[in-house]
Amino acid sequence: LVSAMNRVQLLGRVGQDPIMRQVEGKNPVTIFSLATNEMWRTGDSEVGQGGEIWYPSLLCLCTLGDISQKTTWHRISVFRPGLRDVTYQYVRKGSRIFVEGKIDYGEYTDKNNVRRQATTIIA
């Protein structure tokens, strides 16, 4: 019986070549950024009043208005040994990939001694 679930699926483009980091005494991790895009139409339409979600894979000739787009950047961390190594070796900036994992919320202190929050997808 599942009482809760923490699962995310993303399809997007890699923003930088992955890097592998290892903190002393811990297992290595491969890290990269992933961009996802959300597109929608604004303005009047024959179907309804503005704000309809636009799916690029569907052709909708009946919707009028401007197309708006929002890009969201995600930090991806890969810890599993096999997947971590394959990701580091083969994934490159601009690659279109599918990522599945869980969301992790953490805190850290930056170089100016300010507490920051970070959201990471653990793949």
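Residues numbered from 1 in each chain as written. Predicted model: local features only at pLDDT ≥ 70, side-chain atom pairs only at ≥ 80, totals over all residues. Heavy atoms only, no water.

Draft legend 1. View of the overall build of the protein. Within the protein, the regular secondary structure consists of one helix and six strands. By residue count, 27% of the 123 residues in the protein fall in the buried class. A separation threshold of at least 6 residues defines the contact pool for the protein, and within that pool the share at least 24 residues apart is 58%. If you sum the accessible surface of the protein, you get close to 9,300 Å²; carbon and sulfur atoms cover 51% of it. (Helix = DSSP H or I, 4+ residues; strand = E, 2+ residues; numbered from the N terminus. Buried < 20%, exposed > 50% of the residue type's maximum accessible area, 1.4 Å probe, protein only. Contact = heavy atoms within 4.5 Å. Areas by Shrake-Rupley, 256 points an atom, 1.4 Å probe, with all protein chains shown as cover.)

Draft legend 2. Structural detail: the pattern of salt bridges. According to the stated counting rule, one finds four salt bridges in the structure shown. Its salt-bridge partner being Arg 7, residue Glu 100 comes within 2.8 Å of it at the nearest N-O pair. Taken together, the residues Glu 100 in strand β5 (residues 96–109) and Arg 7 in the segment before β1 (8–14) connect sequence positions 93 residues apart. Note on Glu 100: relative accessible area 37%, which makes it partly exposed. We classify Arg 7 as exposed; its relative accessible area is 51%. (Salt bridge = Lys/Arg side-chain N within 4 Å of Asp/Glu carboxyl O.)

Draft legend 3. Spotlight on the pairing of β1. Of the strand pairs in this sheet, β1 and β5 are connected by six bridges, and their pairing is antiparallel. Paired with Arg 13 across the bridge in β5 is Arg 96. Direction of pairing for β1 relative to strand β3 (residues 29–42): antiparallel, over a ladder of two bridges. Looking at β3, one finds that Arg 13 is bridged to Ala 35. (Pairing = 2+ DSSP bridges.)

Draft legend 4. Layout of the nonpolar core. Counting 12 residues, the largest nonpolar core is built from Val 8, Leu 10, Val 14, Phe 32, Leu 34, Ile 76, Val 78, Val 91, Ile 97, Val 99, Ile 121 and Ala 123. For this core, the elements supplying multiple residues, two or more each, are β1, β3, β4 (66–78) and β5. Counting residues per element, this core draws most heavily on β1, which supplies three residues. (Core = buried A, V, L, I, M, F, W, Y, C linked by side-chain atoms within 4.5 Å.)

Draft legend 5. Highlighting the pairing of β5. Where β5 lies against strand β6 (residues 115–122), eight bridges are found, and the strand directions are antiparallel. By the bridge assignment for β6, Ile 103 is matched with Ile 121. Linking two consecutive strands that pair antiparallel, namely β5 and β6, is a turn of five residues; a positive phi of about 65° is found at Asn 113 within it.

Draft legend 6. Molecular detail of the side chain of His 74. Turning to its location among the elements, His 74 is positioned in strand β4. Its relative accessible area of 17% is what places His 74 among the buried residues. A distance of 2.8 Å separates a polar atom in the side chain of His 74 from a polar atom in the side chain of Thr 36. (Polar contact = N/O pair within 3.5 Å; in protein donor to acceptor, adjacent residues only side chain to side chain.)

Draft legend 7. Spatial organisation of the environment of Trp 40. Here Trp 40 is to be found in strand β3. Expressed as a C-alpha distance, the spacing of Trp 40 and Asp 66, which sit 26 residues apart in the sequence, is 8.3 Å.

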